[in-house]
Amino acid sequence: MGIQVEFNPDLALRKFGTLDRKLEECLPEELETGKEYNFLKKGQRIYYLRGEIPLVKTEGNQKLSDPLASIIITEYTHFIFGEEVWTKGLYKIIKKIEPNEIYFNGCEPIRKEEKFCED
C-alpha cells in the first residue's frame, strides 16, 4: 500500500459558481490584490510555501488557463472527510496578471530589473 501525494506548482481552482462545487473549490468572483481567500482541493496535495506561484482556472482533467494571478499560499493542511483526504488552506493575491502578460519565468516571477536576451 502506498501513500498518494500530489505536488502542485500552481493552485488550480474552478470557475466561480461552478455547480456541485463548494465555494472554496472555485475562484472568487473578483480577484483583489492583497486579499486572502480560502481554498479546498480533493486529495493530499503539496504546495510551495516560500514564494509566489500561479493561480489558474481549471476545467478539470488538467485543462488549465494561463496564470490569472500570482499568489502566496500562507497555510494549508490535510484532513479526512468521509473516506477521502482533502487539502484546505489560505492564499493571498500578490498581483493580478493581465491577459497575455508574461509574469513567471519558469517557477520564478520576473522582476522589473530582469531583461530578456535579444537575438
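Scroll up to find the structure.
Residues numbered from 1 in each chain as written. Predicted model: local features only at pLDDT ≥ 70, side-chain atom pairs only at ≥ 80, totals over all residues. Heavy atoms only, no water.

Visitor: Give a description of the nonpolar core that names residues and reports values.
Guide: By size, the foremost hydrophobic cluster in this structure holds 14 residues, and its most contacted members are L11, L55, I71, Y91 and I93. Per-element accounting of this core gives the leading share, three residues, to strand 6 (residues 69-81). With sequence-adjacent residues up to four places away left out, I93 is seen in contact with L31, E32, T33, G34, K35, Y37, L55, A69, S70 and I71. (Core = buried A, V, L, I, M, F, W, Y, C linked by side-chain atoms within 4.5 Å. Buried < 20%, exposed > 50% of the residue type's maximum accessible area, 1.4 Å probe, protein only. Helix = DSSP H or I, 4+ residues; strand = E, 2+ residues; numbered from the N terminus. Contact = heavy atoms within 4.5 Å.)

Visitor: Describe the layout of surface pockets, naming the residues involved and giving the relevant values.
Guide: Each pocket or cavity is described by its volume, and for the largest pocket that value is around 430 Å³. Where the lining of the largest pocket is concerned, the elements lending two or more residues are strand 1 (6-8), strand 2 (11-13), strand 3 (36-42) and strand 4 (45-47). Per-element tally for the lining of the largest pocket: the top contributor is strand 3, with three residues. (1 Å grid on protein atoms, 1.4 Å probe; cavity = no way out; pocket = protein on both sides within 12 Å on 5 of 7 lines; lining within 4 Å. Points joined across faces, edges and corners; volume = space filled by probe spheres on them.)

Visitor: Let's hear about the side chain of T58: which residues, and what values?
Guide: Assignment of secondary structure puts T58 in the loop between strand 5 (53-57) and strand 6. One polar contact links the side chain of T58 to the main-chain amide nitrogen of G60, over a distance of 2.9 Å. Residues contacting T58, with those up to four places away along its chain left out, are A12, L13, R14, K15, K63 and L64. (Polar contact = N/O pair within 3.5 Å; in protein donor to acceptor, adjacent residues only side chain to side chain.)

Visitor: Can you explain the pairing of strand 5? Please cite residues and give values.
Guide: Counting buried residues in strand 5 gives four out of five residues, a clear majority hidden from the surface. Bridge count between strand 2 and strand 5: three bridges; the pairing is parallel. Bridge pairing in strand 5 places L13 opposite K57. (Pairing = 2+ DSSP bridges.)

Visitor: Before we move on, can you summarise unusual backbone geometry with the specific residues and values?
Guide: Unusually for a residue other than glycine, D20 sits at a positive phi of about 65°. Assessed through its relative accessible area of 80%, D20 is described here as exposed. At N61, a position not held by glycine, the phi torsion is positive, near 55°. Structurally, the position occupied by N61 is in the loop between strand 5 and strand 6.

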